[in-house]
Amino acid sequence: MDFHFDPSVSKHTSQVVTTFQTAGTLLIALLLRLLTRGIPGRFLCYWSWGWVSLALALVSLNLSFIILPHLSEATAAWVKGPALAAYAVFEYAFGFYLWAGCRAYSKGTLLSGSDWWLFSLPAGFGLAAPVFFN
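What counts and what doesn't
Residues numbered from 1 in each chain as written. Predicted model: local features only at pLDDT ≥ 70, side-chain atom pairs only at ≥ 80, totals over all residues. Heavy atoms only, no water. Core = buried A, V, L, I, M, F, W, Y, C linked by side-chain atoms within 4.5 Å. Buried < 20%, exposed > 50% of the residue type's maximum accessible area, 1.4 Å probe, protein only. Helix = DSSP H or I, 4+ residues; strand = E, 2+ residues; numbered from the N terminus. Contact = heavy atoms within 4.5 Å. Expected span 1.5 Å × (residues − 1). Phe/Tyr/Trp six-rings, centres within 6.5 Å; stacked < 30°, edge-to-face > 60°.

1. Quick look at the nonpolar core
Then, number 1: Counting 14 residues, the largest nonpolar core has Phe-43, Leu-44, Tyr-46, Trp-47, Leu-111 and Phe-119 as its most contacted members.
Then, number 2: Those elements that place two or more of their residues in this core are helix H2 (43-67), helix H3 (73-107) and helix H4 (117-133).
Then, number 3: At six residues, the largest contribution of residues to this core is made by H3.
Then, number 4: Discounting chain neighbours no more than four positions away, the residues touching Trp-47 are Leu-32, Tyr-97, Leu-98, Gly-101 and Cys-102.

2. Some thoughts on H3
Then, number 1: For H3, spanning 35 residues, the distance from its first C-alpha to its last is 50 Å, which sits close to the expected 51 Å at 1.5 Å a residue.
Then, number 2: Residue Gly-108 follows H3 closely and has a positive phi angle near 80°.

3. Regarding the packing of aromatic side chains
Then, number 1: Within this structure, the stated rule accounts for eleven aromatic pairs.
Then, number 2: Consider the rings of Phe-96 and Phe-119, whose centres lie 5.5 Å apart with planes at 45°: the pair is tilted. Remark: Phe-119 occurs in helix H4 and Phe-96 occurs in helix H3; sequence separation between them is 23 residues. Neither Phe-96 nor Phe-119 differs from the other in exposure class; each is buried.
Then, number 3: Site record: aromatic cluster; members linked through ring pairs are Phe-96, Tyr-97, Trp-99, Trp-116 and Phe-119.

Below you can see the structure in the form of structure tokens.
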């Protein structure tokens, strides 16, 4: 019995890949969250929130893969922009929390209200980009 490998991408490949990525990121977030019980410091908490943000980004992408084919073109155009914006903002939140965790680990500096300006510019870009690149 031969297995024929077809390297061409099917329409379901992206959904399968992001589903596996989502499951993996949720497992990493859970592992980091459980490690916070035994390892002191807030850095693991920041990292776990970062991985949860990445999982939420992938969930929004998965939902758009599932929902968009069942909508009319006009409705799909309305849904596609916010789905891409949610994906981008949660991706940037992942990077922000990863940075916050690295800073907390290396310097012991915790997040404060004055640090959120670093997230505002990428989040604003993530919200606006789908309008321009759609």
